[in-house]
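Overview (structure and organization)
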Amino acid sequence: MAPVATAIEEQRKTDETALITGSEAIAVACKLADVDVITAYPIRPYDTVMQYVAKLVANGEMDCEYIVAEGEHSQFEIVKHASACGARVFCGSSGVGWMYAMEALTVTPALRIPMVVMVGNRALDDPGAFGVEHNDALAVRDLGWQLVWVDNAQEALDTALIAYRVAEDRRIFLPCAISCDGAFLTHSQALVKIPSQEKVNEFLPRYNRADLLLHPDNPITVAPQANEDWVMEIRRQNYAAMERTFGVIKEAYADFERILGRSYGNPFFEEYQTDDADVVLMGMGTLSTPVKVAIRQMRKQGKKVGFVRMRWFRPFAAEDLAKSLGRFSAVGVIDRDYSFGSPYLGGVLAGEVRHALYPSPGKRPPVLGFICGLGGREVTVPDVERMTDSVYKAAEGKVQPLTQWIGLRE
Amino acid sequence: MGRLFAIEIIYRGIFQKTLGKHISRSIVLAAHKEDKLGISFGRYGDSPERNGIPAKNFAIVATDEQTLEEGMAKYEPKEVDITIAVDDTLCKGVESWAWYGLQPVNRLLKPGGTLIVTSREQPEALIEMAHRKEYPYKLAIVKGTPSFSGLWVYKDDHTDVRILGAIARILPELFSLESVQKAIMDEWHDELKATSAGKSYERTTSLTVQPNQGNPEEPYRFDFPKWHEMGEGIAIPSIPAGHSFEDPTTHAVGGFRPDRNPTFKKFSTRTMRPVVNFDTCIKCTLCWLQCPDSCFDVTPDGLYDANMQACCGCGVCEAVCPVKDCVTMVNETEFRDNASQWEMWKKDKEGYKTWLEEKIKSHPERSHGFRYRGQYEEQVPEMLEIAREG
């Protein structure tokens, strides 16, 4: 048997395949990124990632400060401060745990902290459901967080590496939350290619806090109280940083493809069978699986349906998306979230899609909204077929409610 | 369009918060007795107030609703009919939490507008403290020790109603004495207060201050960077630790002067300042240790020099000094500059002694009413006597 050190050395050079969950994939990304400080506080389904990181640390495979905080607020505050001091950090939570950290979440982008976190998407209480809804991560959508949704464990691992690369870019310095649907992604194992340490090192430079480093050799005051004479300028700086993310994300995906050899096409959204599609469905996260299966079945019946899966919700690639959607005669947006009282009472994504389309110089297809799969309820193939039927009716100009609940007992 | 009136009340944060609010509210209530409309508000950026840091209240009054709206469409009025300074040391200027730099006390006054100051000083002393203005304005004094009716206590020494009486005299178009007295009775049900307002009305006179009168200094100001010129991440360079400095007579270099906030000077925060007798100082370090604002420079010869850029005038140094009369708090009205006392002493010890004795002798009792236990209670009857007898 080879000595352990040699085995680890071997592993550094070659990609290998492992059967792991989405949470474990993110933990592996933390190891590969050589994260310095990790804080944890258990809440399902995020806790799977902290358990796996703890195991990596305990097994001597990973070297980091691993701090179990007394609650989510402290959990996020600790890594915020560690990041200000130049440490690469990882954190995460789910559902109301994420909401309990809200005050820390608001100050993190304001202070330009490139924190990378995993949100194991979970329905907000009450009732205390464990299943997926996207409202937790979406609660920070206006604050300067980059938000990205993934739909499989491989993408979770890759996106975590990309997230560090983008967040820690000096042009950006904004936090990034990677959303993984509770259960469907966090608790189910899939075969994942684990890139070699060499490739990761080439792709991901060390975090350099540069002029903003909180250190005795660089005496600065962070977050002094400031009033109306300064606040607009401070917000404008964050606006500019978020504006720059479009370019930096594209760069990162291009380098990822060049160095690690996996391509994601358009980084911001994935298109599935859209080339000849009459109508498309849209959504985020793991509902992509039943949608794709349903599309294949419907195509056998001659229905030309496509699917657009949003990866990056912030930044939101509105122009690209509007241009793409202009090719179809109707769009159906599936929201695994709600926004009670919003325009047309739709979900969050449906509203954003309509917003993206409105100033578009091209064709603006009608947009139907579907609320589906809340609290972890399965989005079934028949559900998808039902939604597609409605989208076809919208394409034909038939009047129907702009927001429809699908998979509801009624 | 009808007529719009704007009045500002400049007061010392926390110590005079209640006083400022009473005056501004009462202006609106008195004007309302004559069917005028108005609003009363504090300058939001001044809050949370800090001890002694200048802050402002405004009363905007109009003859009709539309005119009032014109006056309300601004965060604060751009010009006022009357500026009230309820502490005469504010005549030196106003540096608040709400803005950067020093603003002259008379900055917002319209041509011919009136500055009302509560003071026991003569007009000449106040005119000398206030910055020059490009056009004439008027000065009226409501005689009295600055009243400290603050966040924690309300010293009912009639300062509020005496100012209202003075306004009725200066700007009769705003409201009459009768309206003031009606408003006072509604608010306080106190005939003595109404009488005090009447006596103040009778006694109030004003004199004109010409553009060539007053402090000729340019008030210090700061330019704001554009958004892309500012550092990111709400991070600013720290104030450097500090450095040694030179003795102006021996040229010895030593001691330690902490660097200080370059954009907030505290000159207008204090109402009194320590005067130090360097000949009797035993170098015990207590003033330097206890000063909450790190205002003492350690001199090359090991003495402690209160730096006026940082002194808030709290009086802790005087309280902790174990040597009799070594540190004495003196009313800020006695000073015209912020120069180093230690340098003055080093250059001319005899001259300094004379200066020191004169300052200590003439220092009128001053503080926020809490310099010693019971001081606040003593001041009320004294003020009521002034209200009655002038």
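In this text the structure is predicted, and so the values were computed from the model without any measurement. (Residues numbered from 1 in each chain as written. Chains lettered and ligands numbered in written order. Predicted model: local features only at pLDDT ≥ 70, side-chain atom pairs only at ≥ 80, totals over all residues. Heavy atoms only, no water.)

Looking now at the side chain of R309 of chain A. All names here are of chain A. With respect to the secondary-structure elements, R309 resides in strand 12 (residues 305-310). Among the polar contacts listed, one links the side chain of R309 to the side chain of E270, at a separation of 2.7 Å. Excluding anything up to four places from it in sequence, R309 contacts W149, V150, D151, E155, F268, F269, E270, G283, M284, G285 and S288. (Helix = DSSP H or I, 4+ residues; strand = E, 2+ residues; numbered from the N terminus. Polar contact = N/O pair within 3.5 Å; in protein donor to acceptor, adjacent residues only side chain to side chain. Contact = heavy atoms within 4.5 Å.)

To continue, consider the interface of chain A and chain B. Between chain A and chain B, the residue contacts involve 22 residues of the former and 19 residues of the latter. Carbon and sulfur atoms make up 57% of the area that chain A and chain B hide from each other, which totals about 1,900 Å². At the junction of chain A with chain B, the criterion picks out 4 salt bridges. In this structure, E232 of chain B and R244 of chain A form a salt bridge, with 3.5 Å as the shortest nitrogen-oxygen distance. When contributions to the side of chain A that touches chain B are tallied by element, the ones reaching two or more residues are strand 9 (220-222) and helix 10 (231-260) of chain A. The biggest single contributor to the side of chain A that touches chain B is helix 10 of chain A, with 6 residues. Classifying every residue of the side of chain A that touches chain B gives 11 nonpolar, 4 polar and 7 charged. As judged from the 3 bridges shared by strand 9 of chain A and strand 8 (residues 235-237) of chain B, these two strands associate in the antiparallel manner. Counted as the bridge partner of V222 of chain A is A235 of chain B from strand 8 of chain B. (Buried area = accessible area lost by both parts, 1.4 Å probe. Salt bridge = Lys/Arg side-chain N within 4 Å of Asp/Glu carboxyl O. Nonpolar A, V, L, I, M, F, W, Y, C, P; charged D, E, K, R; others polar. Pairing = 2+ DSSP bridges.)

What follows is about the sheet that holds strand 2 (residues 37-40) of chain A. All names here are of chain A. In space, the 7 strands of this open sheet follow the order 3-2-4-5-7-6-13, with mixed pairing throughout. The open sheet has two free edges, formed respectively by strand 3 (65-68) and strand 13 (312-314), since each of these has just one partner strand. In this sheet, neighbouring strand axes are inclined to one another by 20° on average, regardless of whether the strands run parallel or antiparallel. The sheet contact formed by strand 2 and strand 4 (residues 89-93) spans 2 bridges and is parallel. Following the sheet pairing, V37 is matched in strand 4 by V89. Each of strand 2, strand 3, strand 4 and strand 5 (116-121) is contacted by helix 3 (residues 47-58), which is oriented at about 135° to strand 3, the strand it contacts most. (Axes fitted to C-alpha atoms, helices over the stretch in contact; angles between N-to-C directions.)

Residue and element names in this part refer to chain A. The end-to-end C-alpha distance of helix 14 (residues 381-395), which contains 15 residues, comes to 21 Å, matching closely the 21 Å that a straight helix rising 1.5 Å per residue would cover. Every buried residue of helix 14 is accounted for by D383, V384, M387, T388, S390, V391, Y392 and A394. Where helix 14 is buried, its residues touch strand 11 (279-283), helix 11 (288-300), strand 12, strand 14 (330-335), strand 15 (367-372) and strand 16 (403-406). Positive backbone phi, approximately 85°, marks G397, located one or two places after helix 14. (Expected span 1.5 Å × (residues − 1). Buried < 20%, exposed > 50% of the residue type's maximum accessible area, 1.4 Å probe, protein only.)

With that out of the way, let us pick up the sheet that holds strand 5 (residues 109-119) of chain B. Residue and element names in this part refer to chain B. Within the open sheet, the 7 strands sit side by side as 2-3-1-4-5-6-7. Their pairing is mixed. Where the open sheet ends on each side, the last strands, each with one partner, are strand 2 (37-42) and strand 7 (206-209). Here the average twist between neighbouring strands, direction ignored, is 20°. Across 4 bridges, the pairing between strand 6 (residues 137-143) and strand 7 is antiparallel. Within the sheet, the bridge partner assigned to L139 lies in strand 7 and is L207.

Taken as a whole, the largest pocket encloses approximately 1,100 Å³ of empty space. Forming the boundary of the largest pocket are 38 residues, of which P224 and W230 of chain A together with Y100, I236 and T263 of chain B lie nearest the centre. Of all the secondary-structure elements, those providing two or more residues to the lining of the largest pocket are strand 9 and helix 10 of chain A together with strand 8 of chain B. Top element by residues in the lining of the largest pocket is strand 8 of chain B. It accounts for 3 residues. For the lining of the largest pocket, the class distribution of residues is 23 nonpolar, 9 polar and 6 charged. In this structure, the second largest pocket encloses a volume near 790 Å³. Contributing elements (two or more residues each) for the lining of the second largest pocket: helix 6 (102-110) and helix 10 of chain A. Counting residues per element, the lining of the second largest pocket draws most heavily on helix 10 of chain A, which supplies 8 residues. (1 Å grid on protein atoms, 1.4 Å probe; cavity = no way out; pocket = protein on both sides within 12 Å on 5 of 7 lines; lining within 4 Å. Points joined across faces, edges and corners; volume = space filled by probe spheres on them.)

Residues and elements named next belong to chain A. Looking at where P382 falls in the secondary structure, it is placed in helix 14. According to the relative accessible area criterion, P382 is partly exposed, its value standing at 44%. For the pair P382 and V291, spaced 91 residues apart in sequence, the C-alpha separation works out to 9.7 Å.

This part is about a nonpolar patch on the surface. Taken together, the side chains of F340, W405 and L408 of chain A present a nonpolar region at the surface, about 350 Å² in accessible area. Following the sequence through the fold, L408 of chain A ends up in the segment after strand 16. (Patch = residues over 30% accessible without salt bridge, like charges linked within 9 Å, V, L, I, M, F, W, Y side chains within 5 Å. Areas by Shrake-Rupley, 256 points an atom, 1.4 Å probe, with all protein chains shown as cover.)

Residues and elements named next belong to chain A. When its domains are assigned, chain A resolves into domain 1 (12-260) and domain 2 (269-406). A C-alpha centroid distance of 28 Å is found between domain 1 and domain 2. Taken together, the contact pairs 27 residues of domain 1 with 25 residues of domain 2. Together domain 1 and domain 2 conceal approximately 2,300 Å² of surface at their shared face, both sides included; 59% is due to carbon and sulfur atoms. If you sort the residues of domain 1 by the area they bury against domain 2, R141, W149 and D151 come out on top, with a joint share of 24%. In this structure, the connection of domain 1 to domain 2 is made through 5 salt bridges. (Domains from an automatic or database assignment.)

Let us look at the pairing of strand 11 (residues 272-276) of chain B. Residue and element names in this part refer to chain B. Burial analysis of strand 11 places 5 of its 5 residues in the buried class, which makes it a mostly covered element. Side-chain alternation along strand 11 places M272, P274 and V276 on one buried face and R273 and V275 on a second face that is also buried. Here strand 11 runs beside strand 14 (residues 327-331); their pairing, made up of 5 bridges, is antiparallel. Pairing of V276 across the sheet is with V327, part of strand 14.

Right, let's talk about the domain arrangement of chain B for a bit. All names here are of chain B. Under the domain assignment, chain B is made up of domain 1 (4-222) and domain 2 (243-362). Put simply, the middle of domain 1 and the middle of domain 2, counted by C-alpha atoms, are 33 Å apart. Listed by partner, the interface residues are 22 residues for domain 1 and 16 residues for domain 2. Between domain 1 and domain 2, the buried area comes to about 1,400 Å², and carbon and sulfur atoms account for 56% of it. If you sort the residues of domain 1 by the area they bury against domain 2, T89, K92 and E95 come out on top, with a joint share of 33%. Across the domain 1-domain 2 interface, the total number found is 2 salt bridges. The partner of K92 in a salt bridge is E332, with the nearest N and O atoms 3.0 Å apart. On the surface where domain 1 and domain 2 come into contact, there are 9 residue pairs in polar contact (both at pLDDT 80 or more). Considering every element that reaches the side of domain 1 that touches domain 2, the biggest residue donor is helix 3 (residues 123-129), with 3 residues. A class-by-class count of the residues in the side of domain 1 that touches domain 2 yields 10 nonpolar, 5 polar and 7 charged.

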